[in-house]
Amino acid sequence: MTFQPPYPPPAQPPGQGPYPLPGYPGGYPQQPAQYGQPYAPPPPRGTNGFAIASLIFGVLGGVLLSVIFGIIALKQIKTRGQSGRGMAIAGLVLSALWTLFIVAAIIIAVATNDGSVRATNLVVGDCIESIPGDNARVTTLPKVSCAKPHEGEVYAQLRVTASSFPGQSSLESNYRDRCFAAFASYAPNAADSEEFESYVLYPTQATWNQGDRDVVCIAITKVKRTGSIKG
């Protein structure tokens, strides 16, 4: 028995493995390279626009719009996964604070309001609860219903036709007698009674510059009375 050396493998074409398999000439079939897909985070969905609007209107005091936008924003943020929830809540909180402030202001105004009106806004027929002392500088007067106890009632307004402020003494000398005459026309019985006196408000230089041109004539009594004196 003689030893036979193994036959050398046939020459292989370039690029093929050295160990051919049956049915695959030239070696193992080459497989295409496969690579894993890299992870990409989902794109950001942004801040909800209604949440921004709710915060802005909450700061500015637009209570109704702030509440509406805030509620819409919270619903959309929950379903869309957007940011801005804190803005929407802040807008609602600011709206609640504005509401409390407005309610408190109204309550204070009602509690402290004594019905006072500017002396320049009085009209004939208005009744005044109390009259300030002589020579007092009058800017407002406590107006009340004539059915309530009061000291005075406006019976005339006389228009000053001068083109410039005539001065306090000139106003008094020119319009006091006209006030007395108007009293007799408004309430003849009261004008003849010693119970009533006339209280006259004249424009000052300051109110004249603001457009005040009326002399206001008021019938007053020392004791408060109810009802109108108009005859």
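Cut-offs used in this document
Residues numbered from 1 in each chain as written. Predicted model: local features only at pLDDT ≥ 70, side-chain atom pairs only at ≥ 80, totals over all residues. Heavy atoms only, no water. Phe/Tyr/Trp six-rings, centres within 6.5 Å; stacked < 30°, edge-to-face > 60°. Helix = DSSP H or I, 4+ residues; strand = E, 2+ residues; numbered from the N terminus. Buried < 20%, exposed > 50% of the residue type's maximum accessible area, 1.4 Å probe, protein only. Pairing = 2+ DSSP bridges. Salt bridge = Lys/Arg side-chain N within 4 Å of Asp/Glu carboxyl O. Expected span 1.5 Å × (residues − 1). Arc of directions from axis to C-beta. Axes fitted to C-alpha atoms, helices over the stretch in contact; angles between N-to-C directions. Parallel < 35°, antiparallel > 145°, perpendicular 65-115°, else oblique. Left-handed = near helix turned anticlockwise from the far one by under 90°. Contact = heavy atoms within 4.5 Å. Nonpolar A, V, L, I, M, F, W, Y, C, P; charged D, E, K, R; others polar. Disulfide = S-S within 2.5 Å.

Draft legend 1. Fine view of the packing of aromatic side chains. Enumeration over the complete set of coordinates arrives at 7 aromatic pairs. When the centroid spacing of 6.4 Å and the interplanar angle of 40° are considered together, the rings of tyrosine 155 and tyrosine 186 count as tilted. On the criterion of sequence distance, the pair formed by tyrosine 155 in strand E4 (residues 150-159) and tyrosine 186 in helix H4 (residues 168-186) is long-range, its members being 31 residues apart. Across this residue pair, the class does not change: tyrosine 155 and tyrosine 186 are buried.

Draft legend 2. Representation of the pairing of strand E5 (residues 197-201). With 4 of 5 residues buried, E5 is to be regarded as a mostly interior element. Both E5 and strand E6 (residues 214-225) contribute to a ladder of 5 bridges, which runs antiparallel. Note on E6: the bridge partner recorded for leucine 201 is valine 216.

Draft legend 3. Up close: the pattern of salt bridges. Using the criterion set out here, one finds 3 salt bridges in the structure. Lysine 143 is the partner of aspartate 126 in a salt bridge, and the nearest nitrogen-oxygen pair spans 3.4 Å. Residue aspartate 126 is found in the loop between strand E1 (116-118) and strand E2 (127-128), and its partner lysine 143 is found in strand E3 (residues 140-144); the two are separated by 17 residues along the sequence. For aspartate 126, a relative accessible area of 8% gives the class buried. Exposure remark for lysine 143: the relative accessible area of 34% places this residue in the partly exposed category. A salt bridge links lysine 224 to glutamate 129; the nearest nitrogen and oxygen atoms lie 3.9 Å apart.

Draft legend 4. Examining helix H2 (residues 63-80) more closely. Taking 1.5 Å as the rise per residue, H2 with 18 residues should run 26 Å; its terminal C-alpha atoms sit 25 Å apart, in good agreement. Within the sequence span of H2, burial applies to Val63, Ser66, Phe69, Gly70, Ala73, Gln76 and Ile77. All buried residues of H2 lie within an arc of 155° about the axis, which places them on one face of the element. In H2, those exposed residues whose orientation departs by more than 90 degrees from the buried face are Leu64, Lys75, Lys78 and Thr79. Where H2 terminates, the next one or two residues include glycine 81, which has phi positive at roughly 70°.

Draft legend 5. Structural context of the packing of helix H1 (residues 49-60) against H2. Following both chains from N to C, one finds H1 and H2 inclined at 155°, their axes separated by 8 Å at the closest point. With respect to H2, the axis of H1 lies roughly antiparallel. The two elements H1 and H2 cross, and the hand of that crossing is left-handed. Mapping the contact onto sequence places Phe50, Ala51, Ala53, Ser54, Phe57 and Gly58 in H1 and Leu65, Ser66, Phe69, Gly70, Ile72, Ala73, Gln76 and Ile77 in H2. Tallied by class, the residues present in the contact of H1 with H2 amount to 9 nonpolar, 5 polar and no charged.

Draft legend 6. Expanded view of the state of the cysteines. Per the counting criterion, the structure on display carries 2 disulfides. Bridging cysteine 127 to cysteine 146, the disulfide has an S-S length of 1.8 Å. Sign of the S-S torsion, about 95° for the bond between cysteine 127 and cysteine 146, identifies this disulfide as right-handed. Separated by 19 residues along the polypeptide, cysteine 127 in strand E2 and cysteine 146 in the loop between E3 and E4 bring together distant segments of the chain. When sorted by exposure, cysteine 127 lands in the same class as cysteine 146, which is buried. Here cysteine 179 pairs with cysteine 217 through a disulfide, and the sulfurs are 1.7 Å apart. Taking the torsion about the sulfur-sulfur bond, which here is approximately -75°, the covalent link between cysteine 179 and cysteine 217 counts as left-handed. Of the two residues, cysteine 179 is situated in helix H4 and cysteine 217 in strand E6; the sequence distance between them amounts to 38 residues. Across the pair, exposure class does not vary: cysteine 179 and cysteine 217 are buried alike.

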